[in-house]
Amino acid sequence: MKKLLVLVVFLVFAISSKAQAPKKLSATEIYESVQKLNFLGTALYIAAHPDDENTRLIAYLANNVKARTAYLSLTRGDGGQNLIGSELRELLGVLRTEELLAARGVDGGEQMFTRANDFGFSKHPDETLDIWDKDQVLSDVVLAIRKLKPDVIINRFNHRTPGTTHGHHTTSAILSVEAFDLVNDKNAYPEQLEYVDAWQPRRLFFNTGWWFYGSRENFDKADKTNLLSVDVGVYYPLKGLSNNEIAAIASSQHLCQGFGRLTTRGSQEEYVELLKGDLPKDKSNIFGGINTTWTRVKGGKAIGDILNKIEANFNFNDPTSHLGDLVKAHQLIGQLEDEHWKTQKLKEIKRIIEATAGLFLEATASQSSSTPGDEVTINLEALNRSNQKVLLESVALIDYNGNSKTPNAVLENNRRWTERINFKIRNTASNTSPYWLSEKGGLGMYKVDNIKLRGLPETPRAIAVNFNLKINNIPISFKKDLVFKYSNPAKGGIYQPFEILPPVTTSMADKVTIFADANTKEFPVKIRAGRPDVSGDITLNAPAGWTVSPSTIDFSIAEKGDEKTVVFTVTPPNKESEGTINPVVTVEGKKYSKELIEIDYDHIPKQSVLLPSEARVVRLDIQKAGENIGYIVGAGDAIPESLKQIGYNVLTINPEEIEEGTLAKFDAIVVGIRAYNVVQSLKFKQRFLLDYVKDGGNLIIQYNTAGRRGLGINNLAPYSLQLSRDRVTDEYAEVNFLAKNHSLLNFPNKIGKKDFDGWVQERGLYFPNKWGSEFTPILSMSDKGESAKEGSLLVAPYGKGNYIYTGLSFFRELPAGVPGAYKLFANMLSIGKTNIKSKENIKG
């Protein structure tokens, strides 16, 4: 077992560490690709979020059935949490997009999206569709189906049980069912038909299981007339892995959601229920009765005759022996009338030909990024590692006329051909940041006007090269995106996307600045050069009533990638106020107002994201007691930085170093979100934390998730406390005060109903639903149509101190600059104290 675990860990690491490099096919993988080439059938799996997908079924369809298989995730998971870093909201969506692509790189699927924004947990599809634009999301589902042309669609969730699971989940199924009946109607979203054809899938399924019936016993008794089952535990001798091992490795790519898991083996039945279409006679074949051979398309029989012969007599020792027949098949595929299958199968067979010939074709830039109007040098390399005759006729930049090389050179076996192309990026070239973030969207939807981009997982690369070859005198072109590669001494060769970025970007370290009085604060703004010799001026726009000095600052930066910090002073108004400040840089008459954020993890390609450069400013009348706060980091949040904004001295506590007497110096200790879920050693230190409270300390624990197996700690609180899945997802839900006279609502700041205005995404999550009589519940709230939840904020005296447990989403509210959240948190930190620090004494 230990050896197997090591093998799986190695596989996951190998996949992650090579995630950025172009994949090269082995002889076995070439054979499997030929098998897939000979299967003309497509499946689409539909759900709501990254990690919703059933990787067992996706891997089975892609690797056992050999079907083209795609996963349509309605959202990019923007509303989730992040266990590996600080990225949240849009940046988390970028990270989770790449993790989905990494998962599909393992299980053999493809990835698609809609414009829906994951705004957070939703309890009912009615709530979901109040925030999403139903017509836009439905149109995107229809577009995805028309693009992919699946024979079968499989929903992850049940459309008939609204309110029993996440509202996004049920909505994904509802929209899939509606789309199934619309995709072949030319009157439905007719604007799409300029780019895609109407299409009618054969079958629609729901991926069900015993859990839908409540128990295995109920499932055994259920009518299975419309159910199909497949054994997803099949073993692939050519891979040396079972299907479920592949599925587990794919799921383990969702690292930011903590989805790393051990692999499983052995037979396992997966069930799908027919919702629409015809029921196959063979209930173990999802594609039963559908022609998935080359005879499906006009002119396909001759192609099938060639490719089936290759598959039946594949030469694993010398795949190159099949190159001549593959090239003939390529030529015939190029003559097909069916544009859909021609496009797809040309893509597949080109990859096979490239691998069979041992071709290495690459275009790399000498730098990782450039700006519009700049000169770029492209290093070209071509290598033929076979005895077949391969002629390199030309290499040309796509959409850049006149930038090409025409060597007309025979690529001799294992002899490298190299050359360079120097070209100028167009002045009008667009940035390569994620396309769905280019324009400001809303709470529920991203704004993507270009219909050609909708559904794509990533922004298409701006610069690409065509290697125009002749193999056995038949012309074949291979498109290669321009990439950047370099050597890392600790990791080896690293590949990155080549980016087009603005000549200058700006950033501010503090995304929220709290002014606890009317005093002026300094605002450092960092300017980053995207090219050499950048100069211009910068201004800082502020809300009405706020004053900025100086009005303009000149700057000059000599080196690309270098940064310069300029400092403005900002003075708030005398009364409470809030708004946004944003720096604007002018270079050569053009204005730039974007921030560059780089997301760089080993398991995904490096991402360069451009977002509006802005920060929130809040003029807030606030008081506090106490000075020194200890913070135990959990799954990651920005609360320590937020507390520093209102004058607290915040120190991070390493749980490993907690011992008797080490905590007494803190006026309060705050435990970060999900800390007991992710910091295993914390449960061994809990007794010291409770002793700290008993001796007069103030302990604040933020939300954790108990899960099916519990939290793994029996002394989370000094008294009885049971965590649940209770949550209030409506950020506008009315908040009622249960303990109006309690100090948490009165000292040192008076808390009123208006302090719950302006909250974002939700009120809170994973509230306790049972607690001992020692606790006092402070607040009551509920989502529409539900009973009141009273466990969002609980406090109990213990010894000389106070223990507080809260599921309120401070980890979202404080970084968003919500004034009332700051006041309530300051009261929590101040409980039991008397030495009030007034607003005049608080320095941010």
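Residues numbered from 1 in each chain as written. Predicted model: local features only at pLDDT ≥ 70, side-chain atom pairs only at ≥ 80, totals over all residues. Heavy atoms only, no water.

1. Observations concerning the overall build of the protein chain
Point 1. When helices and strands are tallied, the protein chain shows 17 helices and 46 strands.
Point 2. For the protein chain, whose C-alpha radius of gyration is 30 Å, the value lies close to the compact-globule estimate of 28 Å for 844 residues.
Point 3. Overall, the C-alpha framework of the protein chain stretches about 90 × 75 × 60 Å when taken along its three principal axes.
Point 4. In the protein chain, once contacts between residues fewer than 6 apart in sequence are set aside, the share between residues at least 24 apart is 74%.
Point 5. With the model as given, the accessible surface of the protein chain reaches about 35500 Å², and the carbon-plus-sulfur share is 47%.
Point 6. Averaging the coordinates of the 102 positive side-chain charges in the protein chain and doing the same for the 99 negative ones gives two points 3 Å apart. (Helix = DSSP H or I, 4+ residues; strand = E, 2+ residues; numbered from the N terminus. Rg over C-alpha atoms; globule rule 2.2 N^0.38 Å. Contact = heavy atoms within 4.5 Å. Areas by Shrake-Rupley, 256 points an atom, 1.4 Å probe, with all protein chains shown as cover. Lys, Arg positive; Asp, Glu negative; His and termini not counted. Charge placed at Lys NZ, Arg CZ, Asp CG, Glu CD.)

2. Some words on the confidence of the model for the protein chain
Point 1. On average, the protein chain scores 93 in pLDDT, and the residues at 70 or more come to 96%.
Point 2. Between residues 1-19, whose pLDDT stays under 50, and residues either more than four places distant or in other chains, the model counts 17 contacts.
Point 3. Counted against residues more than four places away or in other chains, residues 838-844, with its pLDDT under 50, gives 23 contacts. (pLDDT = per-residue confidence, 0-100.)

3. Points about a nonpolar patch on the surface
Point 1. A contiguous nonpolar surface patch, about 300 Å² in accessible area, is contributed by W210, W211 and F212.
Point 2. Relative to the assigned elements, W211 resides in the loop between β5 (203-206) and α8 (216-221).
Point 3. Judged by its relative accessible area of 44%, W211 is partly exposed. (Patch = residues over 30% accessible without salt bridge, like charges linked within 9 Å, V, L, I, M, F, W, Y side chains within 5 Å. Salt bridge = Lys/Arg side-chain N within 4 Å of Asp/Glu carboxyl O. Buried < 20%, exposed > 50% of the residue type's maximum accessible area, 1.4 Å probe, protein only.)

4. Observations regarding empty space enclosed by the protein
With a probe scaled to a water molecule rolled over the atoms, the places where space remains empty come into view.
Point 1. Using the criterion set out here, one finds 3 cavities of 30 Å³ or more in the structure.
Point 2. When its volume is computed, the largest cavity comes out at roughly 50 Å³.
Point 3. Along its surface, the largest cavity is lined by R76, T114, R115, Y435, W436, Y446, V448, R454 and G455. (1 Å grid on protein atoms, 1.4 Å probe; cavity = no way out; pocket = protein on both sides within 12 Å on 5 of 7 lines; lining within 4 Å. Points joined across faces, edges and corners; volume = space filled by probe spheres on them.)

5. Some details on the packing of aromatic side chains
Point 1. The tally for this structure, following the rule as stated, stands at 25 aromatic pairs.
Point 2. Relative to F316, the ring of Y31 lies with its centre 5.1 Å away and its plane at 55°, an arrangement referred to as tilted. With Y31 in helix α2 (residues 27-37) and F316 in the loop between α10 (300-312) and α11 (323-333), the pair connects residues that are 285 residues apart, well separated along the chain.
Point 3. Judged by its relative accessible area of 36%, F316 falls in the partly exposed class.
Point 4. Cluster of aromatic residues (ring-pair linked, three or more members): F206, W211, F212, Y213, F219 and Y271.
Point 5. K224 extends its terminal NZ or CZ atom over the ring of F219, reaching a point 4.6 Å from the ring centre.
Point 6. Cation over ring: R426 sits above Y400, and NZ or CZ is 4.1 Å from the ring centre. (Phe/Tyr/Trp six-rings, centres within 6.5 Å; stacked < 30°, edge-to-face > 60°. Lys NZ or Arg CZ within 6 Å of the ring centre and 35° of its normal.)

6. What to know about the environment of N64
Point 1. Residue placement: N64 occurs in helix α3 (residues 55-65).
Point 2. Under the relative-accessibility criterion, N64 is labelled partly exposed at 32%.
Point 3. For the pair N64 and P655, spaced 591 residues apart in sequence, the C-alpha to C-alpha distance is 47 Å.
Point 4. Excluding anything up to four places from it in sequence, N64 contacts A59, V234 and Y236.

7. Points about the pairing of strand β28 (residues 563-571)
Point 1. In this sheet, β28 lies alongside strand β24 (residues 521-529) in antiparallel orientation, the contact comprising 8 bridges. Paired with P524 across the strands is V567, a residue of β28.
Point 2. Bridging between strand β26 (residues 547-549) and β28 involves 3 bridges; their strand directions are antiparallel. Across the sheet, the residue bridging to T547 is T571, located in β28. (Pairing = 2+ DSSP bridges.)

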